[in-house]
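# Working through the structure, step by step
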Amino acid sequence: MSNIYSSIIDNKNKLETDFQDCSDFLLRECLVNKTECVVCVLDGMVDSLQLSHMIMEPLLSFKGSYKTSAELFETLKTCVVNSLELNDVNTFEDAYFYLASGFAVVFIDGVSKCLAMGIQGFSKRNTDEPPIESDIKGAKECLVETLNDNKAILRRRLKTPDLKLKQLLIGNSIKKSVVIAYLKSAADEELVSEVENKINSAPIETLQDFGEISAFLDSDISSFFSAVGNTERPDTLCSKLLEGRVAVLVDGSPFAVYVPHLFSDSFNTVDDYDDLPFYATFNRLLKYFAFFISIVLPGFYVATGTFHQELIPTSLLYTIAMAEATTPFSLMQEAIMEFVLYEIMREAGIRLPKMIGHAVAIIGALVIGDAVVNAGLVGSPMLVIVAITAIASYVIYPLYESVSVLRLIFIIVGGLTGIYGIVLGISVICVNIAALNPYGVPYSAPISPLNVKSLGDLFYRDSWKKLARRKVRIQNLRGVNIDEV
């Protein structure tokens, strides 16, 4: 993109050429005290009333004196227009970015720069109850697609100048705003610098959603688990910032990502800190148990039914044998078939319009729940295992993507190698989790390396009288060495 011309005619020709066939591009020529000017906006991106009263009316009624066009430019900027957001723009690329962000751009004849004034008025979603990370007692507020609204939500919750919201423009082809949020008093400077460097060096042509930037912030070690967390809840995000983590918000995305993300973060919810300690502890242990059985239970059932029948109680073994005697497939084949069918039904239920989504539930109940058993394709004990595992996997929904793939791997491993393969697979996962070390912070902390002081908010939850005395900071965990990043 070229620099802005000093000639108003050249600027107008450039604008009309670049926005040819753009019906939402509005351009008006006017005289500001006998000097030619051009005001342009994108229809639907600005508030028409603000445009009229804050910009057009002051410009057209200006009768002050000036010697040069540059002096007129500064006078309009400092004394005439009423917009609080004012930016000098030197290139057409920046001017187009401001136009697409709800700014009005004013070109003045004889000045090789333009003035961008914020009068945003585009439609946006309200901060309603979080649709994904639901809770019972927590705040009913979520992040939205508008970056400025998300910044305001964070600022309203953390009323301190220590909250830094550093804005960057990312994208080699089309620029998009990205904000790095952190608390200066809590976050390590090395961590903030590393996150900023990774974002600036990411070879992204056009950034559309948070998932694209997450890949460049993640660990370089291959794993089924991500070292980058995401949330749509502002209260959760603020708690992470208070612990010294760094968040990244992408314009157009209702999810914020934060680093470093720990394995134990996936088992914490907002309700854990509103419930009584004993009930919060019970729920916390339930989530760890659900995570374990959602991965291991199908593979363990296949392994014991195929290779280690002596481990199954006699009465249960008879039930399993009777059910499997009428089916043509092995336990491993049954488990794989059932889980693939279940994932197909789940994906169809998500993608279908809500008006007909209930049809998938009915068909799924008939196909998976009744027809396959009556047809003799799958044994009823296997159906029970699938149902228990599917429900357990939703208890720790942040890890569902990892669980759904690992579950199938353990079924295959259990069907081919038995319990020995299951134990080896669990060991490999534990080693892989312990190997992740994003930004110098162990992904498995505070379990490994063990930090006794942090156990009060890990497998169980201490009372707030004890938690209030702790000063939790992610860089204070054992094994952390930010300087080696």
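Described below are features of the structure shown in this document. (Residues numbered from 1 in each chain as written. Predicted model: local features only at pLDDT ≥ 70, side-chain atom pairs only at ≥ 80, totals over all residues. Heavy atoms only, no water.)

### Observations concerning the sheet that holds strand β3 (residues 86–89)
Taken in spatial order, the 5 strands make up an open sheet running β1-β2-β4-β5-β3, and their pairing is antiparallel. Looking at strand neighbours, the two that pair on one side only are β1 (25–32) and β3, the edges of this open sheet. Strand after strand, the sheet turns through a mean of 25 degrees between neighbouring axes, direction not considered. In this structure, strand β4 (residues 103–108) lies alongside strand β5 (residues 114–118), joined through 5 bridges in antiparallel fashion. In the sheet register, Phe107 faces β5, and the bridge partner there is Cys114. Taken strand by strand, helix α4 (residues 92–99) contacts β1, β2 (35–42), β3, β4 and β5, and its axis lies near 145 degrees from that of β4. (Pairing = 2+ DSSP bridges. Helix = DSSP H or I, 4+ residues; strand = E, 2+ residues; numbered from the N terminus. Axes fitted to C-alpha atoms, helices over the stretch in contact; angles between N-to-C directions. Contact = heavy atoms within 4.5 Å.)

### A look at the nonpolar core
In terms of nonpolar packing, the biggest core is built from 24 residues, with Val195, Ile199, Leu217 and Val246 touching the most fellow members. Those elements giving two or more residues to this core turn out to be β6 (163–170), β7 (176–183), α6 (189–201), α7 (210–217), β9 (246–250) and β10 (256–259). Examining the composition of this core, we find that 4 residues originate from one element, α6, more than from any other. Excluding its chain neighbours within four sequence positions, the residues that come into contact with Leu217 are Val195, Lys198, Ile199, Val228, Val248, Val257, Val259 and Tyr439. Counting residues in each nonpolar core, the second largest holds 23 residues, with Cys30, Val41, Phe73 and Val80 among its members. (Core = buried A, V, L, I, M, F, W, Y, C linked by side-chain atoms within 4.5 Å. Buried < 20%, exposed > 50% of the residue type's maximum accessible area, 1.4 Å probe, protein only.)

### Details of unusual backbone geometry
A cis amide bond links Val259 with the next residue in sequence, Pro260, at an omega value of -10 degrees. With an omega of -5 degrees, the peptide bond running from Ser448 to Pro449 counts as cis. Within the secondary structure layout, Pro449 lies in the loop between α15 (419–435) and α16 (464–467). Positive phi outside glycine occurs at Asn33, with the angle close to 50 degrees. Residue position: Asn33 is located in the loop between β1 and β2. Backbone geometry at Tyr439 places phi at a positive 60 degrees, although glycine is not the residue there. Residue placement: Tyr439 occurs in the loop between α15 and α16. Overall, Tyr439 belongs to the buried group, its relative accessible area being 4%.

### A short note on the pattern of salt bridges
Evaluation of the coordinates by the stated rule reveals 23 salt bridges. We note a salt bridge from Arg233 to Asp135, for which the minimum N-O separation is 2.9 Å. One end of the pair, Arg233, is in the loop between β8 (229–231) and α8 (234–242); the other, Asp135, is in the loop between β5 and α5 (147–157), with 98 residues separating them in the sequence. Exposure remark for Arg233: the relative accessible area of 2% places this residue in the buried category. When the shortest N-O distance is used, the salt bridge between Arg284 and Asp457 registers 3.5 Å. Taken as a pair, Arg284 in helix α9 (residues 277–306) and Asp457 in the loop between α15 and α16 lie far apart in primary sequence, 173 residues in all. Across the pair, Asp457 and Arg284 agree in class, each one buried. (Salt bridge = Lys/Arg side-chain N within 4 Å of Asp/Glu carboxyl O.)

### Focus on the sheet that holds β9
Sheets are built from strands that pair by backbone hydrogen bonding, the pairs being arranged parallel or antiparallel. Taking strand neighbours across the sheet as the criterion, the 5 strands line up as β6-β7-β9-β10-β8 in an open arrangement whose pairing is antiparallel. The outermost strands of the open sheet, each flanked by one partner alone, are β6 and β8. Recorded for the sheet is a direction-independent mean angle of 25 degrees between the axes of neighbouring strands. Where β7 lies against β9, 4 bridges are found, and the strand directions are antiparallel. The partner of Ala181 across the bridge, within β9, is Ala247. Contacts from α5 reach β6, β7 and β9, with the element oriented near 165 degrees to β6.

### Quick notes on the pairing of β9
Among the 5 residues in β9, 5 count as buried, and that is most of the element. Alternating residues of β9 divide into Val246, Val248 and Val250 and Ala247 and Leu249, and every residue in both groups is buried. Looking at chain direction, β9 and β10 are connected through 4 bridges and run antiparallel. Bridging across to β10, Val246 finds its partner in Val259. Counted along the chain from β9 to the antiparallel partner β10, the turn is 5 residues long, and its residue Gly252 has a positive phi close to 95 degrees.

### Things to note about the side chain of Asp218
Mapped onto the fold, Asp218 is located in the loop between α7 and β8. Buried and unpaired, Asp218 has Lys198 as its nearest opposite-charge partner, separated by 7.9 Å. Side-chain polar atoms of Asp218 contact the backbone nitrogen of Ala227, separated by 3.0 Å. (Lys, Arg positive; Asp, Glu negative; His and termini not counted. Polar contact = N/O pair within 3.5 Å; in protein donor to acceptor, adjacent residues only side chain to side chain.)

### Examining the environment of Phe62
Residue position: Phe62 is located in the loop between α2 (48–60) and α3 (69–80). Put simply, Phe62 and Val32 are 30 residues apart on the chain and 6.5 Å apart in space, counted from C-alpha to C-alpha. Apart from residues lying up to four places away in sequence, Phe62 is in contact with Val32, Asn33, Leu72, Thr75, Leu76 and Val80.

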